[in-house]
Number of protein chains: 2
Amino acid sequence: MHKTVTVDMGESVLEHNRALARANREHLKEHGVRAFDFLGAVGSGKTMLIERLADVLKAQGLQVGAIAGDVAGDDDYRRFRKKGIRAANVNTGKECHLDAHLVEHALEELDLMKIDVLFIENVGNLVCPADFPLGAERRVVVISTTEGDDMVRKHPAIFRDADVCVLNKVDLASAVDVDPKVLERDFRKLNKHAPFILTNAKKGEGVEELLGALMG
Amino acid sequence: MHKTVTVDMGESVLEHNRALARANREHLKEHGVRAFDFLGAVGSGKTMLIERLADVLKAQGLQVGAIAGDVAGDDDYRRFRKKGIRAANVNTGKECHLDAHLVEHALEELDLMKIDVLFIENVGNLVCPADFPLGAERRVVVISTTEGDDMVRKHPAIFRDADVCVLNKVDLASAVDVDPKVLERDFRKLNKHAPFILTNAKKGEGVEELLGALMG
C-alpha cells in the first residue's frame, strides 16, 4: 500500500530494488532475453505500441513476451494473449508502479526459453515508476499528444532518465491543439541524447523506427 | 518521497491525514468556502474544466480560487492566474498526490475571505490520491475519451469513491474508437449514485451540468 511517509528504510528499499533489478537483468541475459520497460500514463498507447512491435518482431521470426502491470484488472494481459504474446499479469493493488520483486515473480511465470524480446508494461502514470528499475535494458517513456503540451515539464525526473521517448497519437495533435515540437523541445532540455520518436500506433506509423531504437 | 514498503505507521499516517482533512474542511466552512477536489490523469482536462467552471461562477458574481497540485512546474498555476483565479501552486516533488497537510499550507497562502468556491487540482494520476482526502466537500474524477475505454476498470477504488465522474473530450470519442457508454456502464457497476457527466471542456459543453452537480 502506498504511503507518503519518508521512512529511514527508504534508501535501503531503493537499494534493495536496485539489487533485485540487477538480478533480473542477469537472469534475462542468461536466457538471451532482451527486455524493455514501457512507462506512460494510462491511455498513452503503451499496449498498442507493444502489440505493433510484437507484430514486426514475430514477422522477423522472434518470440515475444510481455508483463502487463496494472493496479487492477487484466485488460492489457488479455490483449497480449489475444495477439499470441506470452504474457504474465501483475496487479499491484494500490501500488502505482511495478518493482523488481514483482517482475522477478512474473518472470517465474514465463517460459523465458521461448522468449526473445520481453516488454514490461508498467502501471500507467509518470510519477511513481521513476525510482524503480526493473531489470530491463532500456526504459521507454510514452506520451500522447492528447495529454497536452505540458506533459514533459510536469514530470522532469522520468524524462531525464528515459532511454527512448515516444510521442504517440501524432495524428490527433492538431485536433487537440498540441505542437509536437514543444514537447520535443522540452524533452531535449532534460535529455540530450535519447531518441524522440513520433508514432501513430493505430496505423503502425513510427513503429519500425522505435524498434530500431530499442534493438539497435 | 514515495516508498513501496508497508510500514506499521501506515494506518496512523492515513488517520493523521483524515484528521487534517477534517480540520481543512472546518477551516473552509468557517470562511464560507465550498471546495472541490479534482482528480484525473494528466491531460484529462482538469485545468480546462476548472477554467470553464470559473468563468460561469464569475459571471454569477462569485469569487474563485484554485490550488494547482503537480509533481513539478507551474503550468496550471499560471493558467489559473491568467484567468484571474486566486491560486496557490503546490509541487509535490516525488509524491504522486496531494495530502491534507500540503493543502493546509496552500490554504494559508490564499485569502479565503475573497474566495467563494475553491478548486483543488490534484496531481495527475488515478492511483495515489485515492486514500488521501483533502478536506473538499466533493471529489470529482475526470477521465478523457482519449485515455481508452478501460480507464474505469483499471482504477476501481477511485471510481467507487467519486462523488461526480466527468468524461471529457467526448468530441474525440469516435476518433479514438471509444464508446462513452462502455465507460458509463463500468462506472455504474462500481458507483450507483454519482452523476456521470459528458463534457467537451474546450467548447464549454457539459460545464453547466457539472456545476449543477457540484453546487446543488
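Numbering of residues starts from 1 in each chain and follows the order in which that chain's sequence is written. As they are written, the chains are lettered A onward and the ligands numbered 1 onward, keeping that order. Local features in this predicted model are restricted to residues whose pLDDT is 70 or higher, and side-chain atom pairs enter the listing and the counts only when it is 80 or higher, whereas totals over whole chains, interfaces and linings include all residues. Note: side-chain values were computed over all heavy atoms of the structure, leaving out hydrogens and water.

(A) Just the packing of helix α2 (residues 46-59) of chain A against helix α8 (residues 207-215) of chain A, in detail. Residue and element names in this part refer to chain A. The interhelical angle for the contact between α2 and α8, taken along N-to-C directions, is 80 degrees, at an axis separation of 10 Å. As far as their axial angle goes, α8 and α2 are roughly perpendicular. Side by side, α2 and α8 meet where Leu49, Arg52, Leu53, Val56 and Leu57 of the first sit next to Val207, Glu208, Leu210, Leu211, Leu214 and Met215 of the second. Residues were grouped as follows: Ala, Val, Leu, Ile, Met, Phe, Trp, Tyr, Cys and Pro as nonpolar; Asp, Glu, Lys and Arg as charged; and all remaining residues, including Gly, as polar. Classifying every residue of the contact of α2 with α8 gives 9 nonpolar, no polar and 2 charged. In this description, a line fitted to the C-alpha atoms serves as the axis of each element, helices being fitted only across the stretch in contact, and the angle between N-to-C directions of two axes falls anywhere from 0 to 180 degrees. Strands here are runs of E lasting at least two residues and helices are runs of H or I lasting at least four, both read from the DSSP assignment and numbered beginning at the N terminus. Convention used here: angles under 35 degrees read as roughly parallel, angles over 145 as roughly antiparallel, angles from 65 to 115 as roughly perpendicular, and any remaining angle as oblique. Should any heavy atoms of two residues lie within 4.5 Å, those residues are counted as being in contact.

(B) The arrangement of helix α4 (residues 100-109) of chain A in detail. All names here are of chain A. A simple rule labels every residue: compare its accessible area, found with a 1.4 Å probe on the protein chains alone, to the largest value its type can have, and call it buried under 20%, exposed over 50%, or partly exposed in between. Within α4, the full set of buried residues consists of Ala100, Val103, Ala106 and Leu107. Projected onto a plane normal to the axis of α4, the buried residues spread over an arc of 115 degrees and lie on a single side. Facing away from the buried side of α4, by more than 90 degrees, are the exposed residues Glu108 and Glu109. As used here, the arc is the angular range of directions from the helix axis to the C-beta atoms.

(C) Layout of the sheet that holds strand β3 (residues 86-91) of chain B. Residues and elements named next belong to chain B. DSSP bridges decide pairing: two strands pair if at least two such bridges lie between them. Taken in spatial order, the 7 strands make up an open sheet running β3-β2-β4-β1-β5-β6-β7, and their pairing is parallel. Across the chains shown, the open sheet's two edge strands, defined by having one partner strand only, are β3 and β7 (196-198). In this sheet, neighbouring strand axes are inclined to one another by 20 degrees on average, regardless of whether the strands run parallel or antiparallel. Where strand β1 (residues 34-40) lies against strand β5 (residues 138-144), 5 bridges are found, and the strand directions are parallel. When the sheet's bridge partners are listed, aspartate 37 is paired in β5 with arginine 139.

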